[in-house]
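# Examining the three-dimensional arrangement
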There are 2 protein chains.
Amino acid sequence: MNQTTEPDTRAYTAQEQANIDHIRTMIRELLDALDPDAVDRFIVPDYIQHNQMVGQGTEPLKQFLREAKVHSPEPCHDIKRIFADGNHVIAHYHLRRWPGDTGYAIMDIFRLENTMVVEHWDVMMEVPTESPNPIGPF
Amino acid sequence: MNQTTEPDTRAYTAQEQANIDHIRTMIRELLDALDPDAVDRFIVPDYIQHNQMVGQGTEPLKQFLREAKVHSPEPCHDIKRIFADGNHVIAHYHLRRWPGDTGYAIMDIFRLENTMVVEHWDVMMEVPTESPNPIGPF
């Protein structure tokens, strides 16, 4: 059961809408596709990365994508909700690494300049298989 | 080192600003204080809770706060950035349960109606003590 309602419609600025569109496309073409060649279309080379599993800049990210492609070549990043506030976009999604994967709940915050990602923070946790809560995490 | 920049200033609607103020106050008076008596000032009784550790409505939350007060009576929820988009507020903060605690990185999404929380999602992870990344998670 998921009783989630859609966000109120708020008039985004043209830049906010462009930022949301950029992140939606990036999640599909870079993260779902695990495509290192897509990175430079979405992220500046010297972006500030706060994820603690990779280093600074786009090269460690490209290497991460190559390695992920080996053990889970067809992941799904299922966006549950996405928000914009000025030059930031926030996405909440369910990552399943393969069909049937319980997967991870992830929230990302992206800061953009000129419709390119310049900074990134994230928090991720495994979706629990048992819970006292009758409704799900999304 | 934390190279984080502040979000661009965007003109919030009066309701968005009220929502942000509501969440900031709630984090201080409810979460930092672990005060079950504060819950009804911030959250409607039948709110939809997606956190998988507690059940629906405010009673399980009040019980959670009472139990947390026993083993970590003075936590700090250090807000690193907070956003508004229509009727949603997104907060990214560092939870330290006690002084010196490495703690957790947490992102919360709140949906509000009439400046009260009606739905909540979150993702939390332990802050790692070792990382290949020279900058921190915030």
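Whatever comes next refers back to the structure up there.
Now for a look at the structure at hand.

The rules behind these values
Residues numbered from 1 in each chain as written. Chains lettered and ligands numbered in written order. Predicted model: local features only at pLDDT ≥ 70, side-chain atom pairs only at ≥ 80, totals over all residues. Heavy atoms only, no water. Contact = heavy atoms within 4.5 Å. Buried area = accessible area lost by both parts, 1.4 Å probe. Salt bridge = Lys/Arg side-chain N within 4 Å of Asp/Glu carboxyl O. Phe/Tyr/Trp six-rings, centres within 6.5 Å; stacked < 30°, edge-to-face > 60°. Lys NZ or Arg CZ within 6 Å of the ring centre and 35° of its normal. Helix = DSSP H or I, 4+ residues; strand = E, 2+ residues; numbered from the N terminus. Buried < 20%, exposed > 50% of the residue type's maximum accessible area, 1.4 Å probe, protein only. Polar contact = N/O pair within 3.5 Å; in protein donor to acceptor, adjacent residues only side chain to side chain.

### Describing the interface of chain A and chain B
Facing the 48 residues of chain A at the interface are 48 residues of chain B. Interface area, chain A with chain B, both sides summed: about 4000 Å², of which 62% is carbon and sulfur. Looking only at chain A, the three residues that lose the most surface to chain B are A:Gln52, A:Asp85 and A:Val123, adding up to 18% of its buried area. Here chain A and chain B share 0 salt bridges between them.

### Points about the packing of aromatic side chains
All told, the structure shown has 0 aromatic pairs over all chains when counted by the stated rule. Here the guanidinium or amino end of A:Lys80 rests over the ring plane of A:Phe138, the centre of that ring lying 5.4 Å away.

### Quick notes on the environment of A:Ala18
Within the element layout of this structure, A:Ala18 appears in helix α1 (residues 14-32). Overall, the relative accessible area of 27% leaves A:Ala18 in the partly exposed class.

### Considering the side chain of B:Glu119
Mapped onto the elements, B:Glu119 comes out in strand β5 (residues 116-126). Within polar-contact distance, the side chain of B:Glu119 engages the side chain of B:His50 at 2.7 Å.

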